[in-house]
Each structure stands twice: as structure tokens, then as C-alpha cells.
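# Geometric and topological summary
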Amino acid sequence: MKKIALIGSTGSIGKQVIEVVKRYPDEFEISALVASRNEKTFLEQVEELKPKYSALASKDKQKALDAACLPDADIVFNAAGGFEGLEYSLTALNAGKPLALANKETLVCGGDIVMPYTQRGGLILPVDSEHSAIWQCLHFNNYAPLRRLIITASGGAFRDMPAESLSTVTPQQALAHPTWKMGAKITVDSATLMNKGYEVIEAHMLYGTPYSKIDTVIQPQSIVHSLVEFTDGSTLAQMSYPTMEVPIQLALSYPQRLKEAVTPMDYTKPFSLDFKPLDKNKYPCFKLALACGEQGGIMPCVLNAADEIAVKAFLNGKIAFTDIYRVVDGVVSAFSAQGVKSFEQLRETDAAARLRAQNIIDRL
């Protein structure tokens with residue numbers, strides 16, 4: 001029986017983790033639950049699952065953080081949203097806990113202070129479908145020799161819309177993702193392809209791969225989740241229908257695989273897989289994310305903070321969809337790259353970038 005400390009239980013990923021755990025009652029148990037603010041849903045989860053430990057971060061942040069280092073937790077599953085997820089990851093890794101990671105900010109913002117834990121034996125189990133796909137293609141060896149990584153993207157809600165039409169799209173249109181069901185923030189980030197830029201940064205961190213060896217292509221069906229090209233020219237791909245329950249289950253059951261998480265692919269019926277080049281000029285947020293990743297240091301943290309504020313403003317009807325890039329670019333341009341030395345430095349950077357983003361939005 002593997003005991004799980006679940007951080008971010010009321011979000012989209014957290015709810016799916018709970019469904020996987022309920023599917024395998026003899027394999028998994030939720031021993032700790034942490035949520036940020038959704039108290040009603042959180043209390044319902046506590047009543048149903050009856051974990052030994054529970055905490056609502058909005059009421060007691062320290063108690064919530066302690067859940068990531070509980071002695072009887074066999075694994076910490078970090079499904080927290082936003083920059084605050086980084087601190088949970090650092091707490092878990094510092095306590096020597098295996099970390100199932102669904103929080104992008106951990107590696108996007110804090111990769112420089114997180115990855116050294118893996119060099120000292122810390123274990124990060126990737127949950128993003130793209131990084132889980134790469135992990136599987138590498139046979140769980142993050143440092144297997146390869147020629148390049150190919151990360152796939154659906155293209156988001158506006159994949160087939162001309163760039164000149166994007167200034168008038170609505171939040172409702174942006175949230176109509178063609179293949180995935182996700183939270184609002186990540187769905188908008190998929191429409192701008194900022195999310196894919198984050199995933200390139202994460203792949204660079206997780207697999208020690210230079211940016212020059214990480215490519216991105218459009219795969220409209222969202223069935224091929226990523227590919228690895230090896231030094232002999234052969235390529236491996238991981239495929240499944242678009243659902244997060246496959247990578248969630250694998251992160252929890254590693255090094256074993258349990259019975260199917262979802263309906264397996266049906267090869268008795270004809271279907272096609274398309275791959276299309278990514279037009280970077282249509283997705284300026286993607287280009288900006290790559291530039292910040294290559295600059296390194298605090299710049300991905302600046303990028304992430306500004307994007308979070310900009311996306312929130314778009315969803316609230318305060319700015320246009322195309323203003324998301326203008327806000328984030330304006331913030332990024334105001335900062336200079338410097339090395340990451342501590343979590344406290346990143347927290348200050350995050351706060352400063354958010355403030356500048358809000359100032360730009362107020363002017364718009």
C-alpha cells in the first residue's frame with residue numbers, strides 16, 4: 001500500500017489523482033490532503049477520503065507545507081497550481097520524498113535549485129503528459145543518449161484561426177480546447193502556446209537536453225504525446241488517447257505498471273496521425289518563453305509571474321487575448337538575467353514581476 005500526500009487536491013489534476021486512487025484501493029491510500037482555497041470541495045474530499053492529515057493553505061500555510069514532508073508519506077504528489085507549488089516541491093525533496101510532479105512552476109521557475117536534488121538521489125516522477133511520454137521512451141533513464149526530443153502540441157483552441165483574428169477572441173473561445181479538458185489557466189496557456197514553452201524549459205531541466213536539441217511540432221489529435229529520436233536515427237513515440245490519468249497512474253505506480261488506466265488504443269479501426277510544423281510567428285508567447293529559457297536564471301520566473309497575471313486579466317475581460325503577449329513581453333523586458341541563488345530570491349522576483357504586470361494592465 002503506497003501512501004500519498006496530495007498537494008492541490010481540488011484542482012483538475014488533483015481530482016484525477018483521487019479518481020486513480022479510488023480505482024486501486026489495494027494499491028494506494030491518500031494519507032494527506034492539501035488544497036489552496038476551495039474550502040467547500042476540500043472539505044467534501046476530506047469527508048470522503050478521511051486522510052490522517054489535511055490542511056487548507058489559505059488558513060495555515062505552514063501546516064500545508066508540512067504535508068510535503070510527513071514521515072508516513074511514501075510519495076508526494078504535487079498538483080498545486082502556480083508559483084506556490086515550488087515551495088512544496090522543495091520541501092518534499094529536502095525530506096527525501098519521491099516527488100510526482102504536475103506543478104510546472106517547480107522546474108520553470110526553480111529548476112536551478114530543484115534539479116541538484118536529483119543529483120543527490122532525489123526522485124522526480126514527471127506527470128505532464130509530454131514529459132511522462134519522454135520518460136517512458138527513455139525507459140525511465142533520464143540521461144539515456146539521444147539525438148533530440150520532439151515535444152508535441154495540439155495547437156490550442158485557435159490552431160486553425162488566422163493570427164489577424166486573434167485580437168477579438170473571447171475567454172469562452174480560448175477555453176474551448178479541441179482535445180483536452182483542463183483548468184482555465186493552462187487552457188489559455190495552450191491557446192497562446194506559452195504552456196508549450198514552459199514544457200520545453202521543463203524538458204531542458206528534467207533531461208539535461210540543450211535547447212538546440214528540443215523541437216516542437218503540432219500533433220492535432222493529441223495522441224502522440226512526445227517522441228525521442230536516438231543517435232542511430234530511430235524514433236520512439238508514446239501514444240494514448242488524451243487523458244491525464246495515464247501519466248498520473250504511472251507516476252504513482254512506478255516502477256510497476258498497473259492495468260490500463262483508460263481505454264487502450266483501438267487499432268482495428270482506421271485513423272490517422274498528423275504532424276505539422278509549428279509557426280512560431282503565430283505564437284509570440286512561445287518564442288518569448290524559449291528566449292527566457294535560453295537566458296536562464298530568474299527570467300523564466302519573471303515570465304511565469306507576468307503570464308499568470310496577464311491570463312487572469314484576460315479571463316476577467318480586462319485585456320484582449322493578444323494583450324497577454326504585450327503584458328508579458330513588457331515585464332520580461334524590464335528585468336535582467338541573473339543567476340538563481342535561493343527560493344527567497346525567486347519569491348521576490350515573482351512578486352516584483354506580478355506587480356509590474358499589473359501596472360501594465362492598469363495602463364492598458
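This structure is a prediction, so every number in the text was calculated from the model and none was measured.

## With respect to the overall build of the protein
In terms of regular secondary structure, the protein is built from 15 helices and 11 strands. For the protein, the proportion of its 364 residues judged to be buried stands at 56%. Pairs at least 24 apart in sequence give 69% of the contacts found in the protein among residues at least 6 apart. With an accessible surface of roughly 15700 Å², the protein has 50% of that area assigned to carbon and sulfur atoms. When the 37 positive and 40 negative side-chain charges of the protein are each reduced to one mean point, those points stand 1 Å apart.

## Points about the sheet that holds strand β1 (residues 2-7)
Judged by pairing direction, the sheet is parallel, and its 6 strands sit side by side in the order β3-β2-β1-β4-β5-β6 without closing on themselves. The two strands at the open ends of the sheet, each matched to only one other strand, are β3 (53-56) and β6 (124-126). For this sheet, the mean angle separating the axes of adjacent strands, direction not counted, is 25°. When strand β2 (residues 28-35) meets β3, the two strands line up parallel, connected through 4 bridges. Bridge pairing in β3 links Val 34 to Ala 55. Across the sheet, helix α2 (residues 39-49) lies against β2 and β3, angled at about 155° from β2, the strand it touches most.

## A look at unusual backbone geometry
The amide bond that connects Tyr 254 to the next residue, Pro 255, takes the cis arrangement and shows omega of 10°. Positive phi outside glycine occurs at Lys 50, with the angle close to 50°. Take Lys 50: it is sitting in the loop between α2 and β3. Given the relative accessible area of 58%, Lys 50 is considered exposed. A positive phi angle is found at Leu 193, which is not glycine, with a value near 70°.

## Digging into the environment of Thr 263
Structurally, Thr 263 is set in the loop between α11 (245-253) and β11 (276-277). Thr 263 sits in the exposed class, given a relative accessible area of 58%. Along the chain, Thr 263 and Ser 240 lie 23 residues apart, while their C-alpha atoms are 8.8 Å from each other.

## Some details on helix α6 (residues 111-119)
Count 3.6 residues to each turn of an α-helix, and residues three or four apart come out pointing the same way. Restricting attention to buried positions, one finds in α6 the residues Gly 111, Ile 113, Val 114, Met 115 and Tyr 117. Elements in contact with the buried residues of α6: α4 (84-94), α5 (105-108), β6, α10 (194-207) and α15 (343-363). Once α6 ends, the next one or two residues include Gly 121, with phi positive near 100°.

## Let's talk about the pattern of salt bridges
Going through the model one piece at a time under the given rule, you end up with 24 salt bridges. Linking Glu 130 and Lys 196 is a salt bridge whose minimum nitrogen-to-oxygen distance equals 2.9 Å. In this pair, Glu 130 is assigned in helix α7 (residues 129-137) and Lys 196 in helix α10, connecting sequence segments 66 residues apart. Side by side, Glu 130 and Lys 196 carry an identical accessibility label, which is buried. Each member of the salt-bridge network shares a partner with another, and the members are Lys 104, Asp 128, Glu 130, Lys 196, Glu 199 and Glu 202.

## Considering the packing of α4 against α15
Orientation of α4 relative to α15, taken along the N-to-C sense of each, is 170°, at an axis distance of 11 Å. Relative to α15, the element α4 is oriented roughly antiparallel. Together, Leu 86, Glu 87 and Leu 90 of α4 and Phe 343, Leu 346 and Arg 347 of α15 make up the contact between the two elements.

## A closer look at the side chain of Lys 196
Owing to a relative accessible area of 7%, Lys 196 belongs among the buried residues under this scheme. One polar contact links Lys 196 to Glu 130, side chain to side chain, over a distance of 2.9 Å. Once you skip the residues sitting within four places of it in the chain, Lys 196 turns out to touch Glu 130, Ile 151, Thr 152, Ala 153, Thr 216 and Phe 286.

About the cut-offs
Residues numbered from 1 in each chain as written. Predicted model: local features only at pLDDT ≥ 70, side-chain atom pairs only at ≥ 80, totals over all residues. Heavy atoms only, no water. Helix = DSSP H or I, 4+ residues; strand = E, 2+ residues; numbered from the N terminus. Buried < 20%, exposed > 50% of the residue type's maximum accessible area, 1.4 Å probe, protein only. Contact = heavy atoms within 4.5 Å. Areas by Shrake-Rupley, 256 points an atom, 1.4 Å probe, with all protein chains shown as cover. Lys, Arg positive; Asp, Glu negative; His and termini not counted. Charge placed at Lys NZ, Arg CZ, Asp CG, Glu CD. Pairing = 2+ DSSP bridges. Axes fitted to C-alpha atoms, helices over the stretch in contact; angles between N-to-C directions. Salt bridge = Lys/Arg side-chain N within 4 Å of Asp/Glu carboxyl O. Parallel < 35°, antiparallel > 145°, perpendicular 65-115°, else oblique. Polar contact = N/O pair within 3.5 Å; in protein donor to acceptor, adjacent residues only side chain to side chain.

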